[in-house]
Amino acid sequence: MTRYSRPLGSLPPTGAVGGAGRPGAADMERRQFFQRALAATALTAAGAGVGRAALAALPEPVIRTGPDTAAPWLPPGVTGAGRPYRPVVTLNGWTLPFRMNQGVKEFHLVAEPVVREVAPGFEVNMWGYNGQSPGPTIEVVEGDRVRLFVTNRLPEPTTIHWHGQRLPAGMDGVSGVNQPPIGVGKTFVYEFVARRPGTFMYHPHADEMTQMAMGMMGFWVTHPSGRHPLIDDVDRDYCFLLNAFDVEPGARTPNVNTMLDFNIWAWNSRVFPGLDPLVARLGERVRVRIGNLTMTNHPIHIHGIEFEVTGTDGGPVPKGARWPEVTTDIAVGQMRQIEFVADEPGDWAMHCHKSHHTMGAMGHDVPTMIGVDHRGLVQKIQRVVPDYMVMGERGMYDMKEMEMELPPNTFPMMAGHGQFGPIGMGGMFTLLKVRADQKPDDYTDPGPYAYPPGTVAYEYTGQTPPAPRAATTDVPAGHGAHGTHGAATAPPRAALQARKPGAGHADHR
Ligand SMILES: [Cu+2]
């Protein structure tokens, strides 16, 4: 069920009920909303239709509850202070529409309890904005005057901090320092000019530990007002937040007192296989903006291409300071803007390189069983616990094929199915799909990659003679081994050669 617009008075106290919105239906409602918005804008411009009284009132909040990735949104006929821009695509999220009020872009954020479908079959009670966690992306143009109405439908006070923005101190959103907290049921107004282009976030600065652990956060993108020497045009511009939750398997509400030991590692409060792919047409230039609002760093790795970090929290990186990477570490509270040319067709993994961040909730707190000889043990235990089985005796790979019964409302430790079988990943993992025939501006999933014949790794089926094994005993100390290495002696034993710094490298410090 996806709703786009409802009067504030009808907001249910416990938030909207989530569910997989049907793509298409959502866009339809969206289009109707924008047509109405555009009509209103046009009438305002003509000085008729919407009166002063209506514009003095709160803008109607736009609510969206489906977890599908919304199509990029450009307000028709309204491009803000500058030239037209390429709108961002929020991974499994959406951009919040605004209304123009005498040259000011007006947004209405509603902080409220929500239900987020983290993956199919796994729903979590969160706090968020306008029907979802994270909240909708705010997208404006450098130089825009922005007015944000924030209504608090949470059971406790909140504020919003506009992370990274240049703004008057009284608009910075730190409870007690910059403003009184927004009381329960109250609405506050923030207003400032989006002074510098770049990648930003928003989140509460009141009872942050609880409110961010419950999912309160959102993305903000300010596009440059004109051609910018350090901000290139791109063909696709993706954004998402790194976030984490601690939800006991089978539970529905995060533990908000957890400091570091989270078990749901998510992008935009979604985990693989609930995350949509990033798609690109072969040869397109792609930007991905990532913000980290978890309590640890995440080395984000993309297969198949090299990228550059073209922007950080503080703005665009000077061209001479950029270097190629395939993994970039994003620390707590940081934002990174990476860019690459999608010049290698295929399905490419994109994931956090901390391997326990690409696992589901069941991957944690499991004892290591590799190499444990438990012959006889299972049968003994099964006399008492008939369903007992041993986890991970040969590694965890078997887990993803096992039809293991899970508690209700959780997701498997490793999941997802590809054309060659189980994918065995969860959490912070998705695919970059590069296709020659993907249409420009088409974000639909092209399905699995059609590998050209002869380009897929395959099984060797010839003779397999016994392989020599590494010696496991009496490794000789390699002191003074200079000159002897290369003199291949017959027994296949490992030789350890130690080179001591200093000996003949006195100037090497
Ligand atoms: Cu990570």
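The structure we're discussing is the one just above.
Because the structure is a prediction, the values reported are computed rather than measured. (Residues numbered from 1 in each chain as written. Predicted model: local features only at pLDDT ≥ 70, side-chain atom pairs only at ≥ 80, totals over all residues.)

Section: the overall build of the protein chain
- Of the regular secondary structure elements, the protein chain holds 4 helices and 24 strands.
- The 509 residues of the protein chain split such that 39% are buried.
- Counting contacts in the protein chain only where the partners sit at least 6 residues apart, residues at least 24 apart contribute 75% of the total. (Helix = DSSP H or I, 4+ residues; strand = E, 2+ residues; numbered from the N terminus. Buried ≥ 20, exposed ≤ 12 C-beta atoms within 10 Å, placed from the backbone. Contact = placed C-beta atoms within 7 Å.)

Things to note about the environment of M217
- One can find M217 in the loop between α3 (208-213) and β10 (218-223).
- In this structure M217 comes out as buried when scored by C-beta crowding, with 26 C-beta atoms within 10 Å.
- A C-alpha to C-alpha distance of 6.0 Å links M217 and G135, two positions 82 residues apart in sequence.
- Setting aside residues no more than four positions away along its own chain, M217 makes contact with P134, G135, M201, Y202, H203, M212, L241, N243 and L293.

Remarks on the pairing of strand β14 (residues 285-292)
- Among the 8 residues of β14, 7 are classified as buried, and the element is accordingly described as predominantly covered.
- Across 7 bridges, strand β11 (residues 236-245) lies against β14 in parallel orientation. Following the sheet pairing, L241 is matched in β14 by G291.
- Note that β14 and strand β20 (residues 335-341) share 7 bridges and pair antiparallel. By the bridge assignment, V286 is partnered in β20 with F340. (Pairing = 2+ DSSP bridges.)

What about the nonpolar core?
- Counting residues in hydrophobic clusters, the biggest one holds 84 residues, and the most contacted among them are L109, M201, W220, Y238, I264 and A266.
- Considering each element in turn, this core owes the most residues, 8 residues, to strand β3 (residues 104-119). (Core = buried A, V, L, I, M, F, W, Y, C linked by C-beta atoms within 7 Å.)

Overview of the sheet that holds strand β5 (residues 138-141)
- The 4 strands are arranged β5-β10-β9-β7 in an open sheet whose pairing can be described as mixed. Here the strands that pair on one side only, and so sit at the sheet edges, are β5 and β7 (161-163). With direction set aside, neighbouring strand axes in the sheet form an average angle of 25 degrees.
- Pairing analysis gives 3 bridges linking β7 to strand β9 (residues 198-203), with the strands arranged antiparallel. Across the sheet, the residue bridging to H161 is H203, located in β9. (Axes fitted to C-alpha atoms, helices over the stretch in contact; angles between N-to-C directions.)

A word on the sheet that holds strand β19 (residues 327-330)
- Within the open sheet, the 5 strands sit side by side as β13-β24-β21-β15-β19. Their pairing is mixed. Either end of the sheet is taken by a strand with one partner, and the two such strands are β13 (278-281) and β19. Taken over all neighbouring pairs, the strand axes of this sheet differ in orientation by 20 degrees on average, direction set aside.
- Of the strand pairs in this sheet, strand β15 (residues 298-302) and β19 are connected by 4 bridges, and their pairing is antiparallel. Opposite H301, over in β19, you have T327 as the bridge partner.

Observations regarding the pairing of strand β4 (residues 122-129)
- Of all 8 residues in β4, 6 are buried, a share of seventy percent or more.
- For β3 and β4, the ladder comprises 8 bridges, and the chain directions are antiparallel. Across the sheet, R116 pairs through a bridge with V124, a residue of β4.
- What sits between β3 and β4 in their antiparallel hairpin is a turn of 2 residues, with G121 showing a positive phi close to 85 degrees.

Details of unusual backbone geometry
- Here the bond from S133 into P134 is cis, since omega is -10 degrees, no more than 30 degrees from zero.
- Assignment of secondary structure puts P134 in the loop between β4 and β5.
- At the junction of F272 and P273, the peptide bond is cis and its omega measures out at 5 degrees in the coordinates.
- Within the secondary structure layout, P273 lies in the loop between β12 (264-267) and β13.

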